[in-house]
Amino acid sequence: MADLEIVLPAVITITNTSDRAIGFVPYRENFTVYVQAGDVVELEATTAGQVFYYLAQATEGLTVEQAAKA
């Protein structure tokens with residue numbers, strides 16, 4: 001199993017690499033956000049739970065990366 005280092009607060013980058021809009025539900029929200037083809041969404045995560053939640057959103061066509069907030 002790979003090690004995962006989480007530095008908080010983190011910036012989560014969600015990129016749509018497909019040719020269609022892909023939806024995901026933001027952490028602890030009750031609505032869907034659609035990322036259009038080729039678009040990038042950046043979110044700030046303040047807890048490890050948020051980071052894990054967003055990393056689990058990665059699907060075919062939707063990539064998720066985390067970085068420490070500068």
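Residues numbered from 1 in each chain as written. Predicted model: local features only at pLDDT ≥ 70, side-chain atom pairs only at ≥ 80, totals over all residues. Heavy atoms only, no water.

Describing the overall build of the protein
Thinking step 1. Each helix and strand in the protein was counted, giving one helix and five strands.
Thinking step 2. In the protein, the succession of α and β elements from N to C terminus is β-β-β-β-α-β.
Thinking step 3. Computed over its C-alpha atoms, the radius of gyration of the protein comes to 12 Å, within 12% of the 11 Å expected for a compact globule of 70 residues.
Thinking step 4. Its C-alpha atoms give the protein principal-axis dimensions of roughly 30 × 25 × 25 Å.
Thinking step 5. Per-residue burial for the protein yields a buried fraction of 26% across its 70 residues.
Thinking step 6. Contacts spanning at least 24 positions in sequence make up 66% of the contacts within the protein whose residues lie at least 6 apart. (Helix = DSSP H or I, 4+ residues; strand = E, 2+ residues; numbered from the N terminus. Rg over C-alpha atoms; globule rule 2.2 N^0.38 Å. Buried < 20%, exposed > 50% of the residue type's maximum accessible area, 1.4 Å probe, protein only. Contact = heavy atoms within 4.5 Å.)

Observations regarding the confidence of the model for the protein
Segments scoring low in pLDDT should not have their predicted coordinates read at a detailed level.
Thinking step 1. Chain-level pLDDT for the protein is 93 on average; 99% of the residues reach the 70-or-more range.
Thinking step 2. Looking over the protein, one finds the lowest element-wise mean pLDDT in strand E5 (residues 62-68), namely 93, and the highest in strand E1 (residues 10-16), namely 97. (pLDDT = per-residue confidence, 0-100.)

Details of unusual backbone geometry
Thinking step 1. The omega torsion across Leu-8 and Pro-9 is -5°, close enough to zero to call that bond cis.
Thinking step 2. One non-glycine residue with positive phi stands out, namely Arg-28, at about 55°.
Thinking step 3. Structurally, Arg-28 can be placed in the loop between strand E2 (22-24) and strand E3 (33-35).
Thinking step 4. For Arg-28, a relative accessible area of 72% translates into the label exposed.

Quick notes on the side chain of Gln-57
Thinking step 1. Mapped onto the secondary structure, Gln-57 falls in the loop between helix H1 (48-55) and E5.
Thinking step 2. Beyond its immediate chain neighbours, meaning those up to four positions away, Gln-57 contacts Phe-24, Leu-62 and Val-64.

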